[in-house]
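As a plain string of letters, each chain reads:
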Amino acid sequence: MARMLLHRAAPRSPARRRLLQGVSGACALALVRPSRSGESAPAEPVCGNGSRVQTLYQPGTSGYLGRIEAGSGALVLRAGPTGALPAGIEHGRLAFASERNGATFVNPTLVVRRGELLRVTLDNALDAATSVHWHGLTVDTANDGAGMPLVEPGRRYEYAFEVRNRGALYWYHPHPHGLTAGQVHDGLYGLLDVEDDDTIALRRELDLVPGGSELVLVLRDSAQRYERTPAQAIHGVYGDALFVNGTRCAQTDVATRLYRLRVVNACNARTLLLGLRTASGAAVPFDVIGNDGGLLPAAVRTRAAFLGTAERLDLLVDLRDAAIGDAIVLETRAFDPMHAEIAVPKDDPDAAHAHQATEAVADAHAAHGVSSWPEGAPRDILQLRVRTRVGYDRRVPARLSTPEAIDVANAQERPLRLGYKSGHWRINDRVFAMDETPIEVTRDSTEVWLLRNYFTSMPHAMHLHGFSFEVLERETSPDQVKALAIDARSRLPSDLGRKDTVLVWPGESVRVALRFALPFAGPQTYPFHCHNLEHEDGGMMLGVRVA
Ligand code: C2O
Ligand code: CU
Ligand code: CU
């Protein structure tokens, strides 16, 4: 086997590592300038390529990402060119516009109580077909937004369904096969904040206020127009800059109390390794309290957490012991992106293609500046500047939620292999076809899906529509993943509770339990796919029929 590395300089070489860490250190120096005294604000620091540090944008009751009580009446989401944005916000050329009681919204955050009805009309003002998929929600096929029916330019489609899922931060985005990556990349996405008794209790217990002590952080790595070279179709499209809610070099003032950070990885392809550090570079541990599927049973202390595309993480940061003038930085740390794992046998006719891809990746990185922020290279996400001393004596509740356990005693195990062949990433060697459902599931059955990623592969963020799952165990995880495991089954803190997307690393096997209780009459179909959106568009997706 000739091992062909698609990236010429994989970041696993020690020299590259040092370089990456050097970048991190320089950035830290430029960005974090603590003033213990706190009597005079330090000169405005700069970050990245000399950009000014900007105040983190938080969704309000209108405007960009604004929160709409969506359960209280029908809404129209108009997909079209991005309208007016607040100063300093960088967003792609497309957005969902909406209106409620005279207020206008761009990519609104839909706030609903579990059990409420959501009625949303998609108005397609794009020049291409589109749809809205409610990522993480249990809806029937007609409301799922995947594949059929697509909404043609100039047409409307009405989604109407009951929100049946646990309280959690979900999101919505288009899902027209082959066009998904471009439309999401160009700016079509929004949040869906589902509240239930547990999330409401948490806010009350910890005195959390959205936009104040509870911060939503939508992470994106581009605000450019979408382009996809053949090499990028293999690896994914990676942006040069990091935007938090459209803010570059974000910082925000905080007080000495607990903060809740609700993080969404809305990048097309980029995995992140979240961590916190002080100005002097010391790691600050934090509590994971929730993920894609809502609150965990209990908080879990950790020092870092991977976040794949489409995954969400709910964190608590304890700033009670911080001094006025301290700066705590939320960052993505250096890790091995494991992109260089694609091996092609010498006698494989695809070897020539793979070799071309090698050249193309190198060229793409040079031409589009992709290599200015390779995946796995560290970067600061958000600086929390401690400005105010407050008294705060709330305690994190011992029990946050009680997710129903899935009984797998009689479950059938279904193997699903993730790999690359003949120009496509595949599941069980297959590429997506709209009218095929290679995965046939019996209604009300319980299954264990064994997601096996080949050693010669890339990380894949696997997502199933319509059902959440329980991560049972990880096997043969790479060291950088194993190092964060918290139990005998090698699970990560973020694996606990329920999830709808799980990152599977090269060489790794992940077992997940699924209960196919279907609250809808008649057979339903849903896709199971990789949420690296370039992989998804390339066909790393299979139809699942539940009947
Ligand atoms: Cu967010 Cu089919 O995906
Ligand atoms: Cu989804
Ligand atoms: Cu993938």
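Please read these numbers as outputs of a predicted model, since none were measured by experiment.

Peer 1: Would you take a moment to explain the coordination of the copper ion (ligand 3) for this structure?
Peer 2: Reference geometry at the metal: tetrahedral coordination by four donors gives ideal angles of 109.5 degrees; octahedral coordination by six donors gives 90 or 180 degrees. Surrounding the copper ion (ligand 3) are the protein donor atoms His460 (ND1), Cys530 (SG) and His535 (ND1), which sit 2.0 to 2.1 Å from the metal. Mapped onto the polypeptide sequence, the residues donating to the copper ion (ligand 3) form the spacing pattern H-x69-C-x4-H. Placement of His460 in strand E31 (residues 460-464) and of Cys530 in strand E35 (residues 524-530) is noted, with a sequence separation of 70 residues between them. His460 gets classed as buried once you look at its relative accessible area, which sits at 0%.

Peer 1: Even after reading the chapter, I still don't get the coordination of the copper ion (ligand 2), so can you show me in this structure?
Peer 2: For the copper ion (ligand 2), every protein donor is listed as His133 (NE2) and His463 (NE2), and the spread of their distances is 1.8 to 1.9 Å. Of this pair, His133 sits in strand E11 (residues 133-135) while His463 sits in strand E31, placing them 330 residues apart in sequence. Note on His133: relative accessible area 1%, which makes it buried.

Peer 1: Hey, could you run me through the nonpolar core in this one?
Peer 2: Taken as a class, soluble globular proteins show a tendency for nonpolar side chains to be buried jointly. Core analysis: the biggest nonpolar cluster contains 36 residues, and Leu217, Leu219, Leu261, Val263, Leu274, Ile381 and Leu382 have the highest contact counts within it. The leading source of residues in this core is strand E26 (residues 379-388), at four residues. Those residues in contact with Leu217 that lie beyond four places of it in its chain are Leu56, Gln58, Val244, Asn245, Leu261, Arg262, Val263, Val264, Leu330 and Leu382. One finds Val441, Met462, Phe467 and Phe516 within the second-largest nonpolar core, a separate group that totals 32 residues.

Peer 1: In this structure, what is going on with the pattern of salt bridges? I would like to understand it.
Peer 2: Side chains that carry opposite charge are capable of pairing whenever their charged atoms lie near each other. Following the criterion strictly, the structure yields 39 salt bridges and no others. Between Asp123 and Arg78 there is a salt bridge, and its shortest N-O distance comes to 3.0 Å. On the criterion of sequence distance, the pair formed by Asp123 in strand E10 (residues 117-124) and Arg78 in strand E6 (residues 75-81) is long-range, its members being 45 residues apart. Residue classification places Arg78 among the partly exposed residues on the basis of a relative accessible area of 43%. One salt bridge in this structure joins Arg312 and Asp500, with 2.8 Å as the shortest N-O distance. Remark: Asp500 occurs in the loop between helix H7 (479-482) and strand E33 (501-504) and Arg312 occurs in strand E24 (residues 312-318); sequence separation between them is 188 residues. Of the two residues, Arg312 and Asp500, neither departs from the other in class, the shared state being buried. Residues participating in the shared-partner salt-bridge network are Arg67, Asp193, Glu195, Arg203, Glu214, Arg260, Arg262 and Asp314.

Peer 1: It is not clear to me how helix H4 (residues 197-206) should be interpreted in this structure. Could you clarify?
Peer 2: Each full turn of the α-helix corresponds to 3.6 residues, which orients residues three or four apart in the same direction. Listing the buried residues of H4 in full gives Thr199, Leu202, Arg203 and Leu206. One face of H4 carries all of its buried residues, which in axial projection span an arc of 95°. Exposed side of H4, more than 90 degrees from the buried face: Asp197 and Arg204 are the residues found there. Between the side-chain oxygen at the start of H4 and the backbone nitrogen of Asp198 there is a gap of 3.1 Å, and the oxygen is on Asp196. Downstream of H4 by a residue or two, Asp207 has a phi angle that is positive, lying close to 55°.

Rules used throughout
- For every chain, the first residue of the written sequence is number 1, and numbering continues from 1 along that sequence.
- Following the order in which they are written, the chains are lettered starting with A and the ligands numbered starting with 1.
- Totals for whole chains, interfaces and linings use every residue, but because this is a predicted model, local features are given only for residues with pLDDT of at least 70 and side-chain atom pairs only at 80 or more, for both listing and counting.
- Note that water and hydrogens are dropped before the side-chain values are worked out from all heavy atoms of the structure.
- Each metal's donors comprise the N, O and S atoms found within 2.8 Å of it (within 3.2 Å for Na, K or Ca). Water is not part of the atom list, so some coordination spheres may appear incomplete.
- Segments assigned H or I by DSSP are reported as helices when at least four residues long, segments assigned E as strands when at least two residues long, and all are numbered from the N terminus.
- Each residue's exposure class comes from its accessible area (1.4 Å probe, protein chains only) as a fraction of the maximum for that residue type: buried when under 20%, exposed when over 50%, partly exposed otherwise.
- We call a set of buried residues a nonpolar core when its members are Ala, Val, Leu, Ile, Met, Phe, Trp, Tyr or Cys and they connect through side-chain atoms within 4.5 Å of each other.
- Throughout, a residue-residue contact means that at least one pair of heavy atoms, one from each residue, lies within 4.5 Å.
- Any Lys or Arg side-chain nitrogen found within 4 Å of a carboxyl oxygen on Asp or Glu counts as a salt bridge.
- The directions considered for the arc are those from the helix axis to the C-beta atoms.
- Polar contact is defined as a pair of N or O atoms within 3.5 Å, subject to the rule that within protein one atom must be able to donate a hydrogen and the other to accept it, and that residues adjacent in sequence are counted only when both atoms are side-chain atoms.

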